[in-house]
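# Tertiary structure, described
Single-letter residue listing:
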Amino acid sequence: MIRNNMPGYPLNRMRRNRQSNWSRRLVCENHLSRSDLILPVFVMEGKNQVEPIESLPNVNRYTIDRIVDIAIECEDNGIPLIAIFPVIDGSLKSDNAEEAYRSNNLVCRTVTAIKNKAPNIGIMTDVALDPYTIHGHDGIMKNDLIANDTTIEILIKQAINQCEAGADIIAPSDMMDGRVLKIREALEANNYQDTIIMSYSAKYASSYYGPFRDAIKSNKNLTGDKKTYQMDVANSDEALREAELDIAEGADMVMVKPGLPYLDIIHKIKSNLKVPTYAYQVSGEYASLMAASMNGWIEYDNIIMETLMCFKRAGADGILTYAALDVAKKISG
Ligand code: PBG
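Procedures and definitions
Residues numbered from 1 in each chain as written. Predicted model: local features only at pLDDT ≥ 70, side-chain atom pairs only at ≥ 80, totals over all residues. Heavy atoms only, no water. Core = buried A, V, L, I, M, F, W, Y, C linked by side-chain atoms within 4.5 Å. Buried < 20%, exposed > 50% of the residue type's maximum accessible area, 1.4 Å probe, protein only. Helix = DSSP H or I, 4+ residues; strand = E, 2+ residues; numbered from the N terminus. Disulfide = S-S within 2.5 Å. Pairing = 2+ DSSP bridges. Right-handed = clockwise from strand over helix to strand, strands pointing away. Near = heavy atom within 4 Å. Polar contact = N/O pair within 3.5 Å; in protein donor to acceptor, adjacent residues only side chain to side chain. Areas by Shrake-Rupley, 256 points an atom, 1.4 Å probe, with all protein chains shown as cover. Salt bridge = Lys/Arg side-chain N within 4 Å of Asp/Glu carboxyl O.

### Concerning the nonpolar core
Formed by 109 residues in total, the largest nonpolar core has its most connected members in F42, I114, M124, I183, M198 and Y280. Element by element, the count of residues in this core is highest for helix α4 (residues 148-165), at eight residues.

Structural data, given as structure tokens:
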């Protein structure tokens, strides 16, 4: 039986609309534009240096001056937002992550430098302690446990420090309970009422983050897993609750992470909450596609475009992807 008693074949032939390029374009339901793209970048200390990341081909760590060039390139190619992740020197890591809120730290200097040279691109900064803790966890450890409320105290200072440097979007990726509310209250109290919060609402305890941890050099320190704060891969209703809570606590945008294996979560959040919803095509996803394409097994350009279109189809308003600049150039070309 066909929906609404519609007549089937031969009155309906689905291939009619697919027969030519123009007709396929006419019935196309979703579109990917440069405005959907967010580029994550890794910044390190130094001058005029580029360091490849072995597990993330074609993605590099850059010094601030080189990140500025990339920000300008993103701006020129219509990318609305760049997301900054710092590589923190081992000597600055500590139990209480003090470096996270030191004024003029690496992230702050990066934000200021980009603001000076590329004023029309948005800058997002990550609020989480993993680059700054000795153990590589996103929070403060007490008796071998990640202490939620103690961590939030530090996250608040980190967020305000980033605002002072000029960050436009604050992105808590730590998965502590109640941190969005506490950060939002602190932003209001410190005259940053216009700062946007993009919350990593549904962030799963995933094995897809490995190359990222190499990139920021937190991997070799990490003890245990992140399952007491990041979500269980098996859960879906819980993701909706996380996103609902974050919106109620003052988040303006929510994010799902990882991306492609979690399209159902993106769709669920977007269709139920109808809020700006973003996806993170994370390092392990990108590295897998890249590795296969480097072996000649799949075709990079086409498969990246396909994955990004799938995010749009699922309901994502935008995608963080290491391929953002490649794709933006392709779309504009
Ligand atoms: C940590 C953080 C992670 C990523 C973004 N922020 C890793 C983690 O939770 O261990 C992963 C991004 C990626 O894999 O591309 N706050």
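### Quick word on unusual backbone geometry
Negative phi is the rule for most residues except glycine; trans is the rule for most peptide bonds. Across the junction of Y9 and P10, the peptide omega takes the value 10°, indicating a cis bond. If you trace the backbone, P10 turns up in the segment before α1 (21-26). Phi is positive for N143, close to 50°, though the residue is something other than glycine. In the Ramachandran plot, K274 falls in the positive-phi region, its phi being about 50° despite a non-glycine side chain. With respect to the helices, strands and loops of the structure, K274 is situated in the loop between α8 (263-273) and β11 (277-281). Take K274: its relative accessible area is 64%, and that puts it in the exposed class.

### Some points on the state of the cysteines
Within the structure shown, the criterion is met by zero disulfides. In this structure C28 is not part of a disulfide, and its nearest cysteine sulfur, from C310, lies 12 Å away. Looking at C28, the relative accessible area reads 36%, which means it is partly exposed. No disulfide involves C163; its sulfur sits 9.9 Å from that of C108, the nearest cysteine.

### Brief notes about the pairing of strand β9 (residues 196-203)
Side-chain positions along a regular strand alternate between the two faces of the sheet. Across the eight residues of β9, seven count as buried, placing the element largely inside the fold. For strand β8 (residues 169-172) and β9, the ladder comprises two bridges, and the chain directions are parallel. Across the sheet, I169 pairs through a bridge with I196, a residue of β9. Assessed by its sense of winding, the connection that carries the chain from β8 through helix α5 (residues 179-189) to β9 is right-handed.

### Remarks on the site of the ligand
The ligand sits among 17 residues. The nearest are R213, K226, K257, S283 and Y322. Within the side chain of K226, a nitrogen or oxygen atom sits 2.7 Å from an oxygen atom of the ligand. A distance of 3.2 Å is found between a nitrogen atom of the ligand and a side-chain nitrogen or oxygen belonging to K257. Computed on the free molecule, the ligand has an accessible area of 400 Å², of which 100% lies beneath the protein chains in the complex.

### Observations concerning the pairing of strand β3 (residues 60-63)
The alternating pattern of β3 places N60 and Y62 and R61 and T63 on opposite faces, both of which are buried. The pairing of strand β1 (residues 37-44) with β3 spans three bridges and is classified as parallel. Residue pairing in the sheet places V43 in a bridge with Y62 of β3. Direction of pairing for strand β2 (residues 50-52) relative to β3: antiparallel, over a ladder of three bridges. If you follow P52 over to β3, its bridge partner there is N60.

### Focus on the pattern of salt bridges
For the coordinates displayed, the defined rule picks out 15 salt bridges. A salt bridge links D36 to K312; its shortest N-O distance comes to 3.0 Å. Taken together, the positions of D36 in the loop between α1 and β1 and K312 in helix α10 (residues 300-314) put the pair 276 residues apart, joining distant regions of the chain. There is no split in this pair, since D36 and K312 are both buried.

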